[in-house]
Amino acid sequence: MGSPIWQKSSYSGSSNACVEVRVVDGLVELRESDDPGAVLGADPAAFASLLKSIKAGVFDRHL
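Calculation criteria
Residues numbered from 1 in each chain as written. Predicted model: local features only at pLDDT ≥ 70, side-chain atom pairs only at ≥ 80, totals over all residues. Heavy atoms only, no water. Helix = DSSP H or I, 4+ residues; strand = E, 2+ residues; numbered from the N terminus. Buried < 20%, exposed > 50% of the residue type's maximum accessible area, 1.4 Å probe, protein only. Contact = heavy atoms within 4.5 Å. Areas by Shrake-Rupley, 256 points an atom, 1.4 Å probe, with all protein chains shown as cover. Lys, Arg positive; Asp, Glu negative; His and termini not counted. Charge placed at Lys NZ, Arg CZ, Asp CG, Glu CD. Pairing = 2+ DSSP bridges. Patch = residues over 30% accessible without salt bridge, like charges linked within 9 Å, V, L, I, M, F, W, Y side chains within 5 Å. Salt bridge = Lys/Arg side-chain N within 4 Å of Asp/Glu carboxyl O. Polar contact = N/O pair within 3.5 Å; in protein donor to acceptor, adjacent residues only side chain to side chain.

Peer 1: Describe the overall build of the protein, and please don't skip the residues or the numbers.
Peer 2: Of the regular secondary structure elements, the protein holds one helix and four strands. Counted from the first residue to the last, the protein has its helices and strands arranged as β-β-β-β-α. A burial count over the protein gives 22% of its 63 residues as buried. In the protein, once contacts between residues fewer than 6 apart in sequence are set aside, the share between residues at least 24 apart is 6%. In the form shown here, the protein has an accessible surface area of approximately 5000 Å², with 58% of it arising from carbon and sulfur atoms. For the protein, the centre of its 6 positive side-chain charges and the centre of its 8 negative side-chain charges are spaced 7 Å apart.

The structure is reproduced here in structure tokens:
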């Protein structure tokens, strides 16, 4: 069996500059398509918390 396939964000449209996600061994992995070597891994609960925070606008403030 090969490596799990990266799924591109639906918000990316036809652009290649996007966030991609996959699940490997029970961990959710994220990467930026233009830097595929940098991968962030999180357990599903932490990933769900991150998504909730993003949707709530927690990270929308600019310093």
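On we go from here.
Peer 1: Would you mind going over the environment of S3 in detail, with residue names and values included?
Peer 2: For S3, the location among the structural elements is in the segment before β1 (7–8). Taking the relative accessible area as the measure of exposure, S3 reaches 60% and is therefore exposed. The spacing of S3 and D43 is 40 residues in sequence and 18 Å in space, taken between C-alpha atoms.

Peer 1: Tell me about the pairing of strand β2 (residues 19–24), residues and numbers included.
Peer 2: Burial along β2 is one-sided: the residues E20, R22 and V24 are buried and none of V19, V21 and V23 is. As paired strands, β1 and β2 are joined by two bridges and run antiparallel to one another. Bridging across to β2, K8 finds its partner in E20. Here β2 runs beside strand β3 (residues 27–32); their pairing, made up of six bridges, is antiparallel. Bridging from a neighbouring strand, R22 pairs with E29 of β3.

Peer 1: Requested: an account of a nonpolar patch on the surface, with residues and values cited.
Peer 2: Together, L51, I54, V58 and F59 give the surface a local cluster of nonpolar side chains, amounting to about 350 Å² of exposed area. On the secondary structure map, L51 appears in helix α1 (residues 44–55).

Peer 1: Break down the side chain of E20 for me, with residues and values.
Peer 2: Mapped onto the secondary structure, E20 falls in strand β2. One polar contact links E20 to R31, side chain to side chain, over a distance of 2.6 Å. Setting aside residues no more than four positions away along its own chain, E20 makes contact with W6, Q7, K8, E29, L30, R31 and S33.

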